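# A closer look at the structure
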Amino acid sequence: MNAQLQPTGSAYFIAKETQLPESHTLSVLVDNEPGVLARVIGLFSGRGYNIESLTVSETEHEQHLSRITVVTRGTPHVLEQIKHQLERIVPVHRVVDLTVKAQELGHGTPLERELALVKVTGTGDHRVEALRLAEAFRAKVIDANTEHFIFEITGKGSKLDQFIAIMKPLGLVEICRTGVAAMNRGQQGM
Amino acid sequence: MSNGRGQTERREMTGAEMVVQALKDNGVKHLFGYPGGAVLPIYDEIFQQDAVEHILVRHEQGAGHAAEGYARATGKPGVMLVTSGPGATNAVTPLQDALMDSIPLVCITGQVPTALIGSDAFQECDTVGITRPCTKHNWLVKDVNKLSAIIHEAFHVATTGRPGPVVIDIPKDVQFAKGIYTPPQTAPRTSYHPNLQGDMEKIKAAVALMASAKKPIIYSGGGVINAGPEASQLLRELVELTGAPITSTLMGLGAYPASGKSWLGMLGMHGSYEANMAMHDCDVMLCVGARFDDRITGRLDAFSPYSKKIHIDIDPSSLNKNVPVDIPIQGDVGRVLEDMVRLWRATSKTDKKVLYPWWEQIAKWRARDSFAFKGNADVIMPQYAIQRLYELTKDRDTYITTEVGQHQMWAAQHYGIEKPNRWMTSGGLGTMGYGLPAALGVQIAHPDALVIDIAGDASVQMTMQEMSTAVQYEAPIKIFILNNQYMGMVRQWQQLLHGNRLSHSYTEAMPDFVKLAEAYGGHGIRCEKPGDLDAAIQEMISVKKPVLFDCRVANLANCFPMIPSGKAHNEMLLPDEATDEAVANAIDAKGRELV
Ligand SMILES: Cc1cc2nc3c(=O)[nH]c(=O)nc-3n(C[C@H](O)[C@H](O)[C@H](O)COP(=O)(O)OP(=O)(O)OC[C@H]3O[C@@H](n4cnc5c(N)ncnc54)[C@H](O)[C@@H]3O)c2cc1C
Ligand SMILES: Cc1ncc(C[n+]2csc(CCOP(=O)(O)OP(=O)(O)O)c2C)c(N)n1
């Protein structure tokens, strides 16, 4: 065999991963200042962490605080690293792993909701069927003419996935989703 | 207008004035920089005062490394000033270097006027975007009234907690604009408050665990240097009290003196046999301000398999990052060691006899003499050159910097560092070209000290132009080049891993370093024979000018001992076993598959 084709060696040692990855929802309270979202996103891409969903908005106007909700996937060890790495960012106030917290509080999983706007066009049977299904899913019609509906639907991500899948053959033309908003049950704050 | 404490009251001034005022108010005496259009107003202010001395480098990378050297040698933040665009991009390497090695570095960059940001203006670049991942924090200042507070905050962030680099990007219109200057305040932002004090319960548990150990080891790192000279003093006390042996990473050299009786030498890939064997076999490991870097741990699943581990680190993300530990203690090394020493004195009266067998074992490992090398009467061995350098300079007020490569490892092995802040090297990023400008920075901080850059012939050519800066500022730095004509470290890996095919690791056209030194206005020395070495080193020391010392050494020497890729600490390749065949086969197929 050509010596050049032998696998090359390396200066790095890589340990086998033994833990299984899990999905967790993190809440990150940050100063609402320029660049803060770029810092958070850059951390995830730079260190090779996953982002499954990301939602940001200012939540406390006077204090200029924003809340970022990130759904991420990793082994427990990586998830702990993500939390600590986020905490190193100077404008980050607090990071709570809502999934871990929910387990500690005995609540199973955190409450999670997402909103989607779904545009469906069509006439005749398809149109009737779309409206019937929308009612079954408790989706609201927020715009319509004789040839289209825009539905607003809120719920867990999985419910939205299902609704969108059902609408596909009925004339689905456009989807917009907000990403996950989440908090834990009970009277305690973040 | 200064009040008694050298601090100004609130008053109106231009942004450029504020920069200089804020530097003074933060105790800055020197800054390293290079001018350009976007920082001219600041340069104009620098011109009109003399409290802060500006050192004009020849390349912005040099400014950054000089500031890093200055910071490491003084414990104070290093400061650099560069223009927009290419000035800022040239600063990226030292910023990342400082990030990896936890060096406090404040970098001020000029930016195009606010109104032009985003228009691809002349010498515009997205400085905060480019430097975001290579700084601890950065700021684009759009309002002159926020400028002074931001600069004060930048110094606070750079120097507290885990130290690191920061960038303040100041558009030119903000430098011209007038606003209100506010003096430094002690009320930093609410989201940033690094915790210094360790958890007392954990500290108690750590002391008890150390006291119960029969085969303890202390493994210290750069965090001890970061924590200041008092922390090194406390570390020395703890070593004395516990009777435990101590080793250190490349970054922590000098915290415990190399001449100390409990010293095992550096650990890790090119560390001593006794340090690595003791890490492997110990029953309790106390890691103080080190980060379980991959150069230290070797194969993670075989890393110190029998020990309980205690880890003191100020950064929670360092704890349990690479190696799971039994007692993680988040806090400042100085504070935590203080608690540990106090508790130890109060509770644990060690019976050091318990450690005798452990020390006997260590003595056997030591007897392998793992840093040994075969001397040669005709050719200078690189290790010999460093030994002679050490013997002839150890009794002076000496500071050592290095470049990156074999010479760096040999320096760590053979130049005994006795005190903290005396050893400046690029560990995490491994930046060739670090050592010469770093030596310049050290010399500016300590004008009367003997500052030596132990260099490689390839590395030193990356930032050679700073010789010109050294001549200008009469900084008599000594550049001691171990000239082997090769990128030795690369050549060694090619021999180990790539069938000795030396692809592009030989420098066929080497400059004449003696003539080069003279061209810069410095002094050149060449030495080719072991017998001439001492006299040549003496000459280097006595010349009161920057010196390029071309020390011609054996071309093909390898750096041993070495933990080959994919091996554990107790599978080191020792110099006396490293025949050509052993070297060729050191890394087996499994090791080769690692990446
Ligand atoms: C060619 C080459 C070969 C190398 N080979 C080796 C080798 O054989 N052996 C070796 O040791 N290194 C080697 N290195 C260096 C290596 O890459 C790492 O840079 C080094 O091991 C890291 O040192 P450290 O663990 O002390 O961490 P540092 O990078 O110095 O980090 C310091 C740690 O302390 C913490 N800290 C900072 N301040 C404080 C404080 N006040 N209180 C508490 N904690 C604090 C930080 O959070 C961080 O976790 C080599 C480098 C090169 C370029
Ligand atoms: C900026 C940079 N480029 C490339 C490398 C990769 N590298 C590591 S060591 C080395 C060779 C260094 O050669 P030299 O300075 O002559 O030192 P020696 O190993 O011969 O002592 C190289 C190219 C690096 N560390 N830094």
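Looking at an unreviewed UniProt entry, one finds chain B named Acetolactate synthase and attributed to Oryzicola mucosus. Word for word, the UniProt comment on chain B under Catalytic activity (unreviewed entry) is "2 pyruvate + H(+) = (2S)-2-acetolactate + CO2". Turning to chain B, the UniProt annotation filed under Sequence similarities (unreviewed entry) states: "Belongs to the TPP enzyme family."

The name given to chain A in an unreviewed UniProt entry is Acetolactate synthase small subunit, with Oryzicola mucosus as the source organism. Its UniProt record gives chain A the following Sequence similarities (unreviewed entry) comment, quoted word for word: "Belongs to the acetolactate synthase small subunit family." Listed under Subunit (unreviewed entry) in UniProt, the entry text for chain A is "Dimer of large and small chains."

## Thoughts on the site of ligand 1
Residues and elements named next belong to chain B. In the vicinity of ligand 1, 37 residues are found, and the nearest of them are Gly222, Thr249, Arg291, Asp313 and Asp332. Interatomic distance of 3.1 Å between a backbone N/O atom of Ile314 and a nitrogen atom of ligand 1. The separation between an oxygen atom of ligand 1 and a polar side-chain atom of Ser318 is 2.9 Å. Against a free-state accessible area of 990 Å², the protein chains account for coverage of 95% of ligand 1.

## Quick look at the UniProt feature "domain: Thiamine pyrophosphate enzyme central" (unreviewed entry) in chain B
UniProt marks residues 203-339 of chain B with the feature "domain: Thiamine pyrophosphate enzyme central" (unreviewed entry), using the numbering shown here. Secondary structure across residues 203-339 of chain B comprises 36% helix and 20% strand; the distance between its end C-alpha atoms is 7 Å.

## Some thoughts on the sheet that holds strand β9 (residues 216-220) of chain B
All names here are of chain B. Strand order in the open sheet formed by six strands is β11-β10-β9-β12-β13-β14, with parallel pairing between adjacent strands. A strand with exactly one partner marks an edge of an open sheet, and here the two such strands are β11 (263-266) and β14 (327-330). The mean inter-strand angle of the sheet, taken between neighbouring strand axes irrespective of direction, is 15°. Inspection of the sheet shows strand β10 (residues 246-248) paired to β11 by two bridges, in the parallel sense. The residue of β11 that forms the bridge with Ile246 is Trp263. Helix-sheet contacts for helix α12 (residues 273-281) involve β9, β10, β11 and β12 (284-288), and the interaxial angle to β11 is about 105°. Contacts from helix α14 (residues 333-347) reach β12, β13 (308-313) and β14, with the element oriented near 130° to β13.

## A closer look at the packing of helix α16 (residues 382-393) of chain B against helix α22 (residues 533-542) of chain B
Think of two packed helices as two axes; the pair is described by the angle between the axes and how far apart they sit. Residue and element names in this part refer to chain B. Put simply, α16 and α22 touch, their axes get as near as 10 Å, and they point 50° apart. Between α16 and α22, the angle falls in the class oblique. Read as a crossing pair, α16 and α22 show a hand that is right-handed. Across the interface between the two elements, Tyr384, Ala385, Arg388, Leu389, Leu392 and Thr393 of α16 pack against Leu533, Asp534, Ile537, Gln538, Met540 and Ile541 of α22. Along the lines of polarity and charge, the residues of the contact of α16 with α22 split into eight nonpolar, two polar and two charged.

## Focus on the pairing of β12(B)
Two faces make up the sheet, and in a regular strand the side chains alternate between them. Residues and elements named next belong to chain B. Buried residues dominate β12, accounting for five of its five residues. Residues of β12 alternate between two faces, with Val284, Leu286 and Val288 on one and Met285 and Cys287 on the opposite face, all of them buried. Two elements, β12 and β13, share five bridges in a ladder whose sense is parallel. Bridged to Val284 within β13 is Lys308.

## Quick word on the site of ligand 2
Residues and elements named next belong to chain B. In the vicinity of ligand 2, 17 residues are found, and the nearest of them are Gln406, His407, Gly430, Ser459 and Gly488. Within the side chain of Ser459, one N or O atom sits 2.6 Å away from an oxygen atom of ligand 2. Compared with its free state, where it exposes 590 Å², ligand 2 has 76% of that area covered by protein. Counting residues per element, the shell around ligand 2 draws most heavily on helix α20 (residues 488-497), which supplies three residues. A breakdown of the residues in the shell around ligand 2 according to their chemical character gives eight nonpolar, eight polar and one charged.

## Some thoughts on the pattern of salt bridges
Within the structure shown, the criterion is met by 23 salt bridges over all chains. Across the pair Glu114(A) and Arg177(A) runs a salt bridge whose closest N-O atoms are separated by 3.0 Å. Of the two residues, Glu114(A) sits in strand β5 (residues 111-121) while Arg177(A) sits in strand β8 (residues 172-177), which places them 63 residues apart along the sequence. Since its relative accessible area comes to 8%, Glu114(A) is described here as buried. For Arg177(A), a relative accessible area of 32% puts it in the partly exposed group. The salt bridge involving Asp293(B) is made with Arg291(B); its shortest N-O contact spans 3.0 Å. What makes Arg291(B) partly exposed here is its relative accessible area of 25%.

## Digging into the state of the cysteines
All names here are of chain B. Evaluated as defined, the whole model comprises zero disulfides over all chains. A disulfide-free cysteine, Cys551 has its sulfur positioned 5.6 Å from the sulfur of Cys527, the nearest such atom. Cys551 sits in the buried class, given a relative accessible area of 0%.

Thresholds applied
Residues numbered from 1 in each chain as written. Chains lettered and ligands numbered in written order. Predicted model: local features only at pLDDT ≥ 70, side-chain atom pairs only at ≥ 80, totals over all residues. Heavy atoms only, no water. UniProt positions renumbered as here; feature names shortened; annotations may be inferred. Near = heavy atom within 4 Å. Polar contact = N/O pair within 3.5 Å; in protein donor to acceptor, adjacent residues only side chain to side chain. Areas by Shrake-Rupley, 256 points an atom, 1.4 Å probe, with all protein chains shown as cover. Helix = DSSP H or I, 4+ residues; strand = E, 2+ residues; numbered from the N terminus. Pairing = 2+ DSSP bridges. Axes fitted to C-alpha atoms, helices over the stretch in contact; angles between N-to-C directions. Contact = heavy atoms within 4.5 Å. Parallel < 35°, antiparallel > 145°, perpendicular 65-115°, else oblique. Left-handed = near helix turned anticlockwise from the far one by under 90°. Nonpolar A, V, L, I, M, F, W, Y, C, P; charged D, E, K, R; others polar. Buried < 20%, exposed > 50% of the residue type's maximum accessible area, 1.4 Å probe, protein only. Salt bridge = Lys/Arg side-chain N within 4 Å of Asp/Glu carboxyl O. Disulfide = S-S within 2.5 Å.

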